[in-house]
Amino acid sequence: MYDRPTQARATFPRPAFSFWSLLRRAMLAEPWPAQWRSPDPQPAYDVIIVGGGGHGLATAHYLAAEHGIRRVAVLEKGWIGGGNTGRNTTIIRSNYLQDESAALYEHALKLWETLSEALDYNVMYSARGVMMLAHDEHDVRSLKRHVHANRLNGIDNEWLTPDQAKAFCPPLEISPASRHPVLGAALQRRGGVARHDAVAWGYARAASAQGVDIVENCEVTAIRRGRDGAVTGVETTRGPIAAPRIGIVAAGHTSVLMGMAGMRVPLESFPLQALVSEPVKPVMPCVVMSNTVHCYVSQSDKGELVIGGGTDVYPSYAQRGALHVSTHTLEAICELFPGFRRLRMLRSWGGIVDVTPDRSPIIGPTPVSGLFVNCGWGTGGFKATPGSGHVFAATIATGTPHPLAAPFGLERFRSGHLIDEAAAAAVAH
Amino acid sequence: MLLIPCPWCGKRPELEFRHAGQAHVARPADPSAVDDDAWAAFLYVRDNPKGRHAERWRHVHGCGRFFNAVRDTVTDRIAATYKPNEAPPA
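Residues numbered from 1 in each chain as written. Chains lettered and ligands numbered in written order. Predicted model: local features only at pLDDT ≥ 70, side-chain atom pairs only at ≥ 80, totals over all residues. Heavy atoms only, no water.

A. Fine view of the overall build of chain A. A count of helices and strands for chain A gives 11 helices and 19 strands. Since a compact globule built from 429 residues should have a radius of gyration of about 22 Å, the 21 Å found for chain A is in line with a globular shape. Taking all 429 residues of chain A together, 59% fall into the buried category. Within chain A, counting contacts between residues at least 6 apart in sequence, those at least 24 apart form 76% of the total. Summed over all atoms, the accessible surface of chain A reaches about 16,800 Å², with 55% contributed by carbon and sulfur. Here chain A contributes 40 positive and 37 negative side-chain charges, whose respective centroids are spaced 3 Å apart. (Helix = DSSP H or I, 4+ residues; strand = E, 2+ residues; numbered from the N terminus. Rg over C-alpha atoms; globule rule 2.2 N^0.38 Å. Buried < 20%, exposed > 50% of the residue type's maximum accessible area, 1.4 Å probe, protein only. Contact = heavy atoms within 4.5 Å. Areas by Shrake-Rupley, 256 points an atom, 1.4 Å probe, with all protein chains shown as cover. Lys, Arg positive; Asp, Glu negative; His and termini not counted. Charge placed at Lys NZ, Arg CZ, Asp CG, Glu CD.)

Here it is as structure tokens:
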């Protein structure tokens, strides 16, 4: 059902990475040159992308690479990849329940599989498997339903017995006497992780080489509109910039930006936490998620356990999150992985995620002419980065939603055609 | 963890409370009289300000009663709490 999406290989001049270039740099001990330009903003562009995270940079890259729109500016109020792109737990999977979501996330997963080659930048995509645990009969039924729904959509997902789960992930505790007994698990082998910084940097490098201006430390303070109501540009902390098309890709701050255009969107912003342990030798071969006791954990190549916590219960823009929320997650980790109990946590942080009523993203045009929005990825946007940018670029370039993005328009909240992923996603999206 | 002043019980830890969404959202008096846009806005669209926010809380593990709070969503500082039928403080 899903053909592998075409991924235009960039043919523009830029310093290519090769065995020889790496060897030469190592031998000469020369510093690497900057991988993307840092220009001052020009007075006008064809498209302005607000938000320099993975989704925004990917959008700019595909606008240039696939639609020939190269007069593009990516405006980032801080530094690229410094928001949720640098704060997530880098989990990639496509085992979503609803057909619309499965198609969108599978589109992204297929792009992940060839992304390093397409960008000539190692994003360290590692298909080490994402295993979701069932702890009670309801979980078993729900996850088996996911397995079947995914297979009908051509997406790999398989059911494991507790012994098979233990064989796939040896540190997992599966004793029937444990506090959170494991009754089985759903495994997507093509799921895994990637290096979040490299995703932002790889897209930035590719976009910049095609003429996209990446403007950091440039906060949008107003959206300008003409007499007919259509957008004409933005005011920023680095001066006014004109453009007939604007794409908002600002995650937790989307409501603030849409408010500048006089629009209210069905989003609430919550702090979502993550934390990492001290680095240890390889102990964790895959990604394990448990929605019921709420934890998810993997191990980075540096050796740190990367642990996802929950959101606070109230909307907030404070990038930290409450201690009792991460404590709850660590209690579950200690029960499921008794061997991890002695590990010390090194860092914790929060990112502001924008959550929709049906836990599915919003992608598409808005009632304001020229204004497009890509938001609402909630607690699980990283995995979608390439697919999100790919379909959003098509939507901006043509003015009509990409077929995979069409079900995710703002219109669904009026028509009632919600794409309910709340049960599947909960917080562990 | 927030220390939330319940108007009836005084300051209690956040764990005793349940957040109940934006305050002062009124269901249309005659739902059949509003159009789809207005109904969608009532169902799904909430204020999501970066700053002062009026919201409902319920003291589920205490007196069980609903009340409203004004909280700054950047600092999480609660400026005031007040009873359900009272107007938000200026």
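B. View of the overall build of chain B. Scanning chain B for helices and strands turns up 1 helix and 6 strands. The helix and strand sequence of chain B, counted from the amino end, reads β-β-β-α-β-β-β. Dimensions of chain B, computed from the C-alpha atoms along their principal axes, are close to 40 × 30 × 25 Å. Burial analysis of chain B (90 residues in total) assigns 32% to the buried set.

C. Spotlight on the packing of helix α2 (residues 54-67) of chain A against helix α6 (residues 196-209) of chain A. Residues and elements named next belong to chain A. At a closest axis distance of 9 Å, the pairing of α2 and α6 adopts a crossing angle of 30°. Taken as axis vectors, α2 and α6 run roughly parallel relative to one another. As for how α2 packs across α6, the hand of that crossing is left-handed. For the pair α2 and α6, the contacting residues are Gly54, Leu57, Ala58, Ala60, His61 and Tyr62 in the first and Ala200, Tyr203, Ala204, Ala206 and Ala207 in the second. For the contact of α2 with α6, the class distribution of residues is 9 nonpolar, 2 polar and no charged. (Axes fitted to C-alpha atoms, helices over the stretch in contact; angles between N-to-C directions. Parallel < 35°, antiparallel > 145°, perpendicular 65-115°, else oblique. Left-handed = near helix turned anticlockwise from the far one by under 90°. Nonpolar A, V, L, I, M, F, W, Y, C, P; charged D, E, K, R; others polar.)

D. Broad picture of the interface of chain B and chain A. At the junction of the two partners, chain B supplies 23 residues and chain A supplies 23 residues. Between chain B and chain A lies a buried interface of about 2,100 Å² when both sides are counted; carbon and sulfur atoms form 53% of it. Contact with chain A buries area across many residues of chain B, yet Tyr44(B), Asn48(B) and Lys50(B) alone supply 33% of it, more than any other trio. Put simply, chain B and chain A have 4 salt bridges between them. A salt bridge links Asp37(B) to Arg414(A), with the shortest nitrogen-to-oxygen separation between them at 3.6 Å. The tally of links from chain B across to chain A stands at 10 residue pairs in polar contact (both at pLDDT 80 or more). Those elements that place two or more of their residues in the side of chain B that touches chain A are β3 (18-22), α1 (36-44) and β4 (52-58) of chain B. Considering every element that reaches the side of chain B that touches chain A, the biggest residue donor is α1(B), with 4 residues. The residue makeup of the side of chain B that touches chain A, split by class, is 9 nonpolar, 5 polar and 9 charged. (Buried area = accessible area lost by both parts, 1.4 Å probe. Salt bridge = Lys/Arg side-chain N within 4 Å of Asp/Glu carboxyl O. Polar contact = N/O pair within 3.5 Å; in protein donor to acceptor, adjacent residues only side chain to side chain.)

E. Quick look at the sheet that holds strand β10 (residues 231-236) of chain A. Residues and elements named next belong to chain A. Across the sheet, 3 strands lie side by side as β9-β10-β11; this open sheet has antiparallel pairing. In the strand order of this sheet, the two ends are held by β9 (220-225) and β11 (241-242), each with one partner. Looking at chain direction, β9 and β10 are connected through 5 bridges and run antiparallel. When the bridges of β10 are listed, Ala222 appears paired with Glu235. (Pairing = 2+ DSSP bridges.)

F. A look at the packing of helix α3 (residues 99-119) of chain A against α6(A). Residue and element names in this part refer to chain A. For the pair α3 and α6, interaxial distance at closest approach is 10 Å and the crossing angle is 45°. One element, α3, and the other, α6, form an angle in the oblique class. Our pair here, α3 against α6, has a crossing hand that is left-handed. In this structure, α3 uses Trp112, Leu115 and Leu119 to contact α6, whose residues at the interface are Val199, Gly202, Tyr203, Arg205 and Ala206.

G. Geometry of the confidence of the model for chain B. Here chain B averages 96 in pLDDT, and 100% of its residues register 70 or above. This complex was scored by the predictor with a pTM of 0.94 and an ipTM of 0.96. (pLDDT = per-residue confidence, 0-100.)

H. A look at the environment of Ala206(A). Residue and element names in this part refer to chain A. By secondary structure assignment, the location of Ala206 is in helix α6. Note on Ala206: relative accessible area 0%, which makes it buried. In this structure, the C-alpha to C-alpha distance between Ala206 and Tyr121, residues 85 residues apart in sequence, is 8.8 Å.

I. Region of the structure containing helix α8 (residues 323-336) of chain A. Residues and elements named next belong to chain A. A rise of 1.5 Å per residue sets the reference length of α8, with its 14 residues, at 20 Å; its end C-alpha atoms lie 20 Å apart and thus fit the reference within 8%. What α8 keeps buried is the set His324, Val325, Ser326, Thr329, Ala332, Ile333 and Leu336. Elements in contact with the buried residues of α8: β4 (130-134), β13 (268-277), β14 (287-290), β15 (295-299) and β16 (305-311). (Expected span 1.5 Å × (residues − 1).)

J. Inspection of the pattern of salt bridges at higher detail. Residue and element names in this part refer to chain A. Counted according to the given criterion, the structure contains 25 salt bridges over all chains. One salt bridge in this structure joins Arg37 and Asp213, with 3.1 Å as the shortest N-O distance. One end of the pair, Arg37, is in the loop between α1 (19-28) and β1 (47-50); the other, Asp213, is in strand β8 (residues 213-215), and 176 residues separate them in sequence. Since its relative accessible area comes to 2%, Asp213 is described here as buried. Taking the shortest distance from any N to any O, the salt bridge between Arg189 and Glu158 comes out at 2.8 Å.

K. Main features of a nonpolar patch on the surface. Together, Phe19(A), Trp20(A), Leu23(A), Met27(A) and Leu28(A) line one region of the surface with nonpolar side chains, adding up to about 620 Å² of accessible area. The class for Trp20(A) is exposed, based on a relative accessible area of 62%. (Patch = residues over 30% accessible without salt bridge, like charges linked within 9 Å, V, L, I, M, F, W, Y side chains within 5 Å.)

L. Inspection of the pairing of β15(A) at higher detail. Residues and elements named next belong to chain A. With 5 of 5 residues buried, β15 is to be regarded as a mostly interior element. Where burial is concerned, the two faces of β15 agree: the one with Cys295, Val297 and Gln299 and the one with Tyr296 and Ser298 are both buried. Where β14 meets β15, 3 bridges bridge the pair, whose relative direction is antiparallel. Each bridged residue has a counterpart across the sheet, and for Val288 the counterpart in β15 is Val297. Two successive antiparallel strands, β14 and β15, enclose a turn made up of 4 residues, where His294 displays a positive phi of approximately 60°. Direction of pairing for β15 relative to β16: antiparallel, over a ladder of 4 bridges.

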